[in-house]
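# A structural walkthrough
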Amino acid sequence: MPVITNIEDLKRIHERRVPRMFFDYCESGSWTEQTFRENTSDFDKIRLRQRVAVDMTGRSTKGQMIGQDVAMPVALAPVGLTGMQHADGEMKAARAAELFGVPFTLSTMSINSIEDVAGHTSAPFWFQLYTMRDQDYVSRLIQRAKDANCSALVITLDLQILGQRHKDLKNGLSAPPKLTAKTIANLATKWAWGIEMLSAKRREFGNIVGHVNGISDTSQLGAWTAEQFDPSLDWNKVAKLKEQWGGKVILKGILDAEDAKMALKVGADAIVVSNHGGRQLDGALSSIRALPAILDAVGDQVEVHLDSGIRSGQDVLKALAMGAKGTYIGRAFVYGLGAMGQKGVTEALNVIHKELDTTMALCGETNVNDLGRHNLLVPEDFEGRWQA
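Under the criterion given, the structure shown has 1 cavity of 30 Å³ or more. Within this model, the largest cavity holds a volume of roughly 30 Å³. Surrounding the largest cavity, Ala77, Pro78, Val79, Thr82, Glu90, Phe104, Thr105, Leu106, Ser107, Ser110 and Phe333 form its lining. Its residues assigned to classes, the lining of the largest cavity shows 6 nonpolar, 4 polar and 1 charged.

If you want it as structure tokens, here you go:
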């Protein structure tokens, strides 16, 4: 087994092991991929303040996200088609997160269903909701999440229409993959993945197939999903979904201070500064650049988390020191999952935890909750307050 020392090690194994369409689904953004790239490169522009002769013993990365104790302020982000990266991928990722002590968020567009994940874990997980035109389906989906004892509803706000992702279109992305000459040739080189997928509990969208009128198999699924994302989603609908859920609500996809204020008005328990990993509006600010203005707008009135671009424990520390109360990893854990299943997700979490702990110590901090702007050197022009 190769020695894993960073997230890039897992990414290289993931690329070798997983069919091209699913690796590209993970490792791509919309249009020119400018925002996708800047999500990570903008973290590099922030420098750390090294401190010395500080007692580094007794360090703790423990914190809370929406009142839930966490081993570190990192949650597994909702990622669609995770069960195509590795057989039973959502169940394995959720189990790894539970054992490590961090939240797992299940996507509406998962392969394993809400019930599958609930049956494979003992700790409550979070459920991410895409709003659909089919209101009856959405209501039943929310009830299923309640019945599964999900502890938070994560409503994604930035996918009312689908951003164009060139790689997905060119690869003919589907779950399970359509057997064309191109995909057959690629699958022939991924035999280990194929053997594992033969024993998978599911190979289609478990939250949709069998739960939507007229959708009994994947042949009708593409047309349904293309028409179902709700372009009429507004703050009134968000408020109604919050009322319908009746529990903790996290609003994901906030990139503008005015939207953050609206999220505050509808009573969000947390907001996630996110640009969907650069997969929606190409040319938008990176999440880390957008964070300061959003924090200025809402202060400590709502918990602010950050998603998009995190590939290391140093990135986690920078986000927390900038003022976020929690962070999300998507691609970083998917690399691990695709590389070696549940063990790979655990490896990704271990890597990020070690990097966070070591960097915290070298910055002269012993408690993750004490991180702040005093730990950073940030360029003067960094903070996203551009002239409108």
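This part covers unusual backbone geometry. Cis rather than trans, the peptide bond between Ala175 and Pro176 has omega equal to -5 degrees. Along the chain, Pro176 falls in the loop between helix H8 (166–171) and helix H9 (181–187). In this structure, Leu81 takes a positive phi of about 60 degrees despite not being glycine. Topologically, Leu81 is positioned in the loop between strand E4 (74–76) and helix H4 (82–85). Of note, the phi angle at Ser308 is positive, near 95 degrees, even though the residue is not glycine.

Our focus in this paragraph is the layout of surface pockets. Quantified by volume, the second largest pocket comes out at close to 500 Å³. Along its surface, the second largest pocket is lined by 22 residues, and Leu157, Asp158, Leu159, Gln160 and Gly253 are the ones closest to its centre. Those elements that place two or more of their residues in the lining of the second largest pocket are helix H12 (235–245) and strand E8 (249–254). Grouping the amino acids of the lining of the second largest pocket by side-chain chemistry returns 12 nonpolar, 6 polar and 4 charged.

A few words now on helix H13 (residues 257–265). Between the side-chain oxygen at the start of H13 and the backbone nitrogen of Glu258 there is a gap of 2.8 Å, and the oxygen is on Asp256. At the C-terminal side of H13, Gly267 shows a positive phi close to 85 degrees.

Here the focus is the packing of helix H5 (residues 89–100) against helix H16 (residues 331–362). Running from amino to carboxyl end, H5 crosses H16 at an angle of 20 degrees, the nearest separation of the two axes being 10 Å. Taken together, the axis directions place H5 and H16 in an arrangement best described as roughly parallel. Crossing of H5 against H16: the hand is right-handed. Residues Gly89, Lys92, Ala93, Arg95, Ala96, Ala97, Leu99 and Phe100 of H5 pack against Phe333, Leu337, Gln342, Val345, Thr346, Leu349, Asn350 and His353 of H16.

Attention now moves to the sheet that holds strand E11 (residues 326–329). Strand order in the open sheet made by the 8 strands is E4-E11-E10-E9-E8-E7-E6-E5, with parallel pairing throughout. Each having just a single partner strand, E4 and strand E5 (105–106) make up the two edges of the open sheet. Pairing analysis gives 3 bridges linking E4 to E11, with the strands arranged parallel. Opposite Ala75, over in E11, you have Tyr328 as the bridge partner.

Once the charged atoms of two side chains with opposite charge are near each other, the side chains can pair. In the structure shown here, the tally under the stated rule is 18 salt bridges. The closest approach of N and O atoms between Lys261 and Glu258, which form a salt bridge, is 3.4 Å. Of this pair, Lys261 and Glu258 both sit in helix H13, separated by 3 residues, roughly a single helical turn.

This part is about H16. For H16, spanning 32 residues, the distance from its first C-alpha to its last is only 26 Å, which falls clearly below the expected 46 Å at 1.5 Å a residue. In the structure, H16 departs most strongly from a straight axis at Met340, where the bend amounts to approximately 145 degrees. In terms of burial, H16 is a largely internal element, 23 of the 32 residues being buried. Phi for Gly364, located one or two positions after H16, is positive at around 80 degrees.

Rules and cut-offs
- Residues numbered from 1 in each chain as written.
- Predicted model: local features only at pLDDT ≥ 70, side-chain atom pairs only at ≥ 80, totals over all residues.
- Heavy atoms only, no water.
- 1 Å grid on protein atoms, 1.4 Å probe; cavity = no way out; pocket = protein on both sides within 12 Å on 5 of 7 lines; lining within 4 Å.
- Points joined across faces, edges and corners; volume = space filled by probe spheres on them.
- Nonpolar A, V, L, I, M, F, W, Y, C, P; charged D, E, K, R; others polar.
- Helix = DSSP H or I, 4+ residues; strand = E, 2+ residues; numbered from the N terminus.
- Polar contact = N/O pair within 3.5 Å; in protein donor to acceptor, adjacent residues only side chain to side chain.
- Axes fitted to C-alpha atoms, helices over the stretch in contact; angles between N-to-C directions.
- Parallel < 35°, antiparallel > 145°, perpendicular 65-115°, else oblique.
- Left-handed = near helix turned anticlockwise from the far one by under 90°.
- Contact = heavy atoms within 4.5 Å.
- Pairing = 2+ DSSP bridges.
- Salt bridge = Lys/Arg side-chain N within 4 Å of Asp/Glu carboxyl O.
- Expected span 1.5 Å × (residues − 1).
- Bend = angle between axes of the 7 residues up to and from the residue.
- Buried < 20%, exposed > 50% of the residue type's maximum accessible area, 1.4 Å probe, protein only.

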